[in-house]
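Understanding the architecture of this molecule
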Amino acid sequence: ALGHARALRIASLVVGVGLGGYTGVLLSTLGARALWGSALLGPLFLVSGISSGAALAMLPGLDPEERSFLARADVHAMWLEFALILFFLVGLATGGAAGREAAALILGGPYTAPFWALVVFAGLVVPSAMEVLERRLTLEATLVAPALVLAGGFALRWILVAAGQHS
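Residues numbered from 1 in each chain as written. Predicted model: local features only at pLDDT ≥ 70, side-chain atom pairs only at ≥ 80, totals over all residues. Heavy atoms only, no water.

On to the overall build of the chain, then. Helices and strands together make up the secondary structure of the chain, namely six helices and zero strands. Overall, the chain shows an N-to-C arrangement of helices and strands of α-α-α-α-α-α. Whereas a compact globule of 167 residues would reach a radius of gyration of roughly 15 Å, the chain reaches 17 Å, a difference of no more than 12%. Summarising its shape, the C-alpha atoms of the chain cover approximately 55 × 40 × 20 Å along the three principal directions. In the chain, of all internal contacts separated by at least 6 residues, the share reaching a separation of at least 24 is 69%. Carbon together with sulfur atoms contributes 73% to the accessible area of the chain, which is approximately 9,000 Å² in total. (Helix = DSSP H or I, 4+ residues; strand = E, 2+ residues; numbered from the N terminus. Rg over C-alpha atoms; globule rule 2.2 N^0.38 Å. Contact = heavy atoms within 4.5 Å. Areas by Shrake-Rupley, 256 points an atom, 1.4 Å probe, with all protein chains shown as cover.)

And the structure:
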């Protein structure tokens, strides 16, 4: 039975990684849309999916040790996600004219406020700070940080898909 459980865990990991990055990889193959033309889209969606998965796992009641492990993993994933977002935007902004126009949708255009408010601030900065403070100050964990991570992950996908249709 333990052999089957291990095989199932490995298969689940492989499928999860595939599903996590699939949307980003699929969108990045559509070269006609400048916002989606980045090779960083697959890794960005994958890391966001890992963070969202950790957040979802934190919603039901977990023992404090499991919750702490997932929160630490989630914070690292959120920091990596933030770095990938910055690299993604810098790549667009320093690319050709089409890339600069696509970046402008998020850096001053119609998707600026929702992207920075929902994805970066509410979906990364606030929950990351909450999870670090909960752990360092030994505060009781709440469901607020995981819920914000999930909302931010959804907002990232929605905004990039919607904005990409205008680039």
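What follows concerns the pattern of salt bridges. What the rule picks out here adds up to one salt bridge. We note a salt bridge from Arg 67 to Glu 134, for which the minimum N-O separation is 3.7 Å. Separated by 67 residues along the polypeptide, Arg 67 in helix α3 (residues 64–93) and Glu 134 in helix α5 (residues 112–136) bring together distant segments of the chain. Each member of the pair, Arg 67 as well as Glu 134, carries the same accessibility label: buried. (Salt bridge = Lys/Arg side-chain N within 4 Å of Asp/Glu carboxyl O. Buried < 20%, exposed > 50% of the residue type's maximum accessible area, 1.4 Å probe, protein only.)

Applying the stated criterion to the full structure yields one aromatic pair. With centroids separated by 5.4 Å and ring planes inclined at 80°, the aromatic side chains of Phe 115 and Trp 116 adopt a geometry described as edge-to-face. You can call Phe 115 buried: its relative accessible area is 2%. Over the ring of Phe 45 we find Arg 157; its NZ or CZ atom is 5.1 Å from the centre of that ring. (Phe/Tyr/Trp six-rings, centres within 6.5 Å; stacked < 30°, edge-to-face > 60°. Lys NZ or Arg CZ within 6 Å of the ring centre and 35° of its normal.)

Within helix α4 (residues 97–106), burial applies to Gly 99, Ala 102, Ala 103, Leu 105 and Ile 106. Considered in projection along α4, the buried side chains sweep an arc of 145° and stay on one side of the axis. Considering only its buried residues, α4 is in contact with α3, α5 and α6 (144–164). Taken from the residues just after α4, Gly 108 is the one with a positive phi, measuring 125°. (Arc of directions from axis to C-beta.)

This brings us to the side chain of Ser 52. Checked against the element boundaries, Ser 52 lands in helix α2 (residues 41–58). Here Ser 52 is in contact with Val 149, Leu 150 and Gly 153, once residues within four sequence places are set aside.

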